[in-house]
Each structure stands twice: as C-alpha cells, then as structure tokens.
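# Structural description and commentary
Spelled out from the first residue to the last, the chains are:
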Amino acid sequence: MSDQRPPFRADHVGSLLRPASVAEARRKCLDEKTMPADELRAIEDAAIADAIRMQEDIGLKAVTDGEYRRLFWHYDFMGMLTGFEFERREQGVQFAGARIPPLFPTITGKLDFPDDHPMLDHFRYVAAKATVTPKISIPGPSCCHFRTAPEDIHVPEYADADLLFADIAATYNKAVHAFYAAGCRYIQLDDIFFAYLCDPRHRAAKEAEGQDPDRLIDRYAWMMNQAIGDRPDDMTVAMHLCRGNFQSTYAAEGAYDPAADAVFNKTGVDIFFMEYDTERAGGLEPLGLLAKGSQRVLPGFITTKTPELESIDDLKRKFDEASRHADLDQLGIAPQCGFASTEHGNKIGYDDQRRKLDLVVTLADEIWGEA
C-alpha cells in the first residue's frame, strides 16, 4: 500500500460498470441457482482485481471494488445488518422515467452491526490487491431511516424516533470501528438523503408522514457525527451526496441550501463528494458554508449519467466560480456519482467510464499539479 493519505485531488464515488462475466455469474448463482457460491466469488475476485488495476493505471490514489458484489449501493449493506429484512413487492421506488427493483427494507429486530458482516471481507480483498489506498463505500446512517417506511418498522420501541436514531448511530459506530480493525483507513458513507430533503416534493412526502424535514436533517447529521466522532485520528471519512442514480435517471432535485450547514458543520466528515452536474443541484453558493480548514469538497461537475465528455476549459471555469465560495485549496474533483449504483449500471459504455476517470485525474493535475 501507498503511505499517501486522503484527501486526494482526484477521486471517484466508488461504483463501476459491472463486466459481463460478473453479471452472468451473479444471474446463474443468485437467480437461477445453477452456479455454486465459491465459483461466483472466484469470478468476482478476478474482475475486482482487474478493476483495481484499471483505477491504478489511470492514476487514482484511492481504489474500490466497484461494488461488483452488490445488487444495490445501499440495500446489500443494510440487509446484512442485524434487525433488517427485505421484502419483495409489486412495484419499486419511482425514479424519473424508471422504477428500481421492488425490494423494501423492514426493521424486524434491534439493530446491530454483526461481527461477520460480509463487507468486512470485501474490503480486505481490495486491501490485499491494491498498491494505493483502498476505500470502502457504504450507505450512510440516514439510509436506514429514510428508506424504511414507518409502517415497515416492526419493533415497538422504535416508535420513539430518537431511540431508533440512537440505535442506527450505535450500529454505524460499531461498523466504523470494525472496518478500522480490518485495516480500513478511508471509508465513505453515502448519505444522499440530505440532498433528497432539499427537494420540495420529498420534503412534502415526509411532512405527510408527520415528520419535519428540517428536524430530519438535524437528526441525520447527529447520527453521522455519533457514528464517526470517536474514529481513530488516522481514519479519513468521506460523504457522498446526490439525488438518485439508477440507469442514468434521478429521483430528486433542489439546491443544497436547507442542508448545507448541517452537512458541513455538524457531521464531522472530512471529505464531501457533491453532485453538481446539472441545474438540479442548484448553485454553488452553499459551498460558502464550508469552514476554513482541512475539510475538502469534490464538486461532481463530471457526470456519470451520459457518455459525452466534459470540456476541460468548461470545468476550469466552474472551478473559478466554485473558488469564489470556497478556497480552491479545499476543493478537488470527482464524478457526480458512481457509474453503477445498482448492478444494472448507467447508460454509458466502459470506454466512456474510463475517459471520465481519466478526465478526473487530468483535470486535478492541471488545476492543482497533483491527483
């Protein structure tokens, strides 16, 4: 492993397009039950080793497993927690022009992070193969609350929302320390629902459930802070925010203003990956709430939703604008989201994905002289 520590100027959110070998093996093993699990694992291992080499060849200093072992960016992790179960229903959550597969989380017992959570081994494999910094991306604490409907919470004590928030925070605190014990020094928590709570439609939906969106933002920031606040000094924590990413579609829109202060100043996070590839994300003014110091924002000016390659000159102009709100030294660059938040992937090709990641490294080198 490299002795370089994050934050890096060039980075990416984590998920990558799944190769055909992995998609076919997962279908045979998990859907058709015609392939043994150890054979699937071997195919995933080989593909992940290739993905790590690809990231390193491009010049990225942090690499992931591309989330090749997952169906969803968040549901797999959640379903491996104690107390969560998933139900398959008739229709999945509606995105703009598409529905995700109809899986729904339910809370059936007291929440906890099990000592044998499979993603600990997922991280260990990346760490064993990487020559740069290995990173694991997991869903943030807010996912466990936002994505679980009130009627799907079957633990009577959790009618007290503050008790539920406390148990989610404790579960994640245990997870953070477990990943540290497994050797992880760079963990990313995808806490996208801060951005959803900036969308008038999603705010109205929470209000209809009897929940105050602004209080949820505050509680979600508290959960994150409780989860990571006592992490060891040599562990870096990142957070990713976006508005949904399923087959190049989205689920929310709205500027970061309602959540920016809580995100930057109440979570205790070191690095922020923030979607900024379309007008749906609003203006850059919320970056002005970033405290002076060592925190870093990676504005996602480069999209993973479409194959067209952004112009270097246009991207530099966007950083000129961003630097009017936050110190350029506290900025970096990453794509706006992952390339495959679910195993279905976005509507771009492998060559497009590589060009986007190449652009991330090239831009970082041109602006800051380093990736």
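Residues numbered from 1 in each chain as written. Predicted model: local features only at pLDDT ≥ 70, side-chain atom pairs only at ≥ 80, totals over all residues. Heavy atoms only, no water.

## Notes on the packing of helix α6 (residues 161-181) against helix α9 (residues 213-228)
Contact pair α6 / α9: the axes reach a minimum separation of 7 Å and the direction vectors enclose 35 degrees. Note that α6 runs across α9; the crossing there is right-handed. Along its contact with α6, which presents D162, F165, A166, I168, A169, Y172, N173 and V176, the element α9 presents R215, L216, R219, Y220, W222, M223, Q226, A227 and I228. Across the contact of α6 with α9, the residue classes break down as 12 nonpolar, two polar and three charged. (Axes fitted to C-alpha atoms, helices over the stretch in contact; angles between N-to-C directions. Helix = DSSP H or I, 4+ residues; strand = E, 2+ residues; numbered from the N terminus. Left-handed = near helix turned anticlockwise from the far one by under 90°. Contact = heavy atoms within 4.5 Å. Nonpolar A, V, L, I, M, F, W, Y, C, P; charged D, E, K, R; others polar.)

## Section: the side chain of H202
Considering the arrangement of structural elements, one finds H202 in helix α8 (residues 200-208). A residue is classified by how much of its surface remains accessible, and H202, at 13% relative accessible area, is buried. Apart from the residues lying within four places of it in its own chain, the contact partners of H202 are F146, Y196, A251 and A252. (Buried < 20%, exposed > 50% of the residue type's maximum accessible area, 1.4 Å probe, protein only.)

## Description of the packing of aromatic side chains
This model, assessed by the stated rule, comprises 17 aromatic pairs. Pairing F8 with Y186 gives two aromatic rings, centres 6.5 Å apart and planes at 70 degrees, and the pair type is edge-to-face. With F8 in the segment before α1 (20-31) and Y186 in strand β8 (residues 186-190), this residue pair connects regions lying 178 residues apart in the sequence. Its relative accessible area of 0% is what places Y186 among the buried residues. When the centroid spacing of 6.2 Å and the interplanar angle of 90 degrees are considered together, the rings of F194 and Y220 count as edge-to-face. Separated by 26 residues along the polypeptide, F194 in helix α7 (residues 193-196) and Y220 in helix α9 bring together distant segments of the chain. Note on accessibility: F194 and Y220 belong to one class, buried. Clustering of aromatic rings is evident, with ring pairs tying together Y256, Y276, F301, F319 and W368. For K206, the ring lying beneath its charged end belongs to F146, and the centroid distance is 4.2 Å. (Phe/Tyr/Trp six-rings, centres within 6.5 Å; stacked < 30°, edge-to-face > 60°. Lys NZ or Arg CZ within 6 Å of the ring centre and 35° of its normal.)

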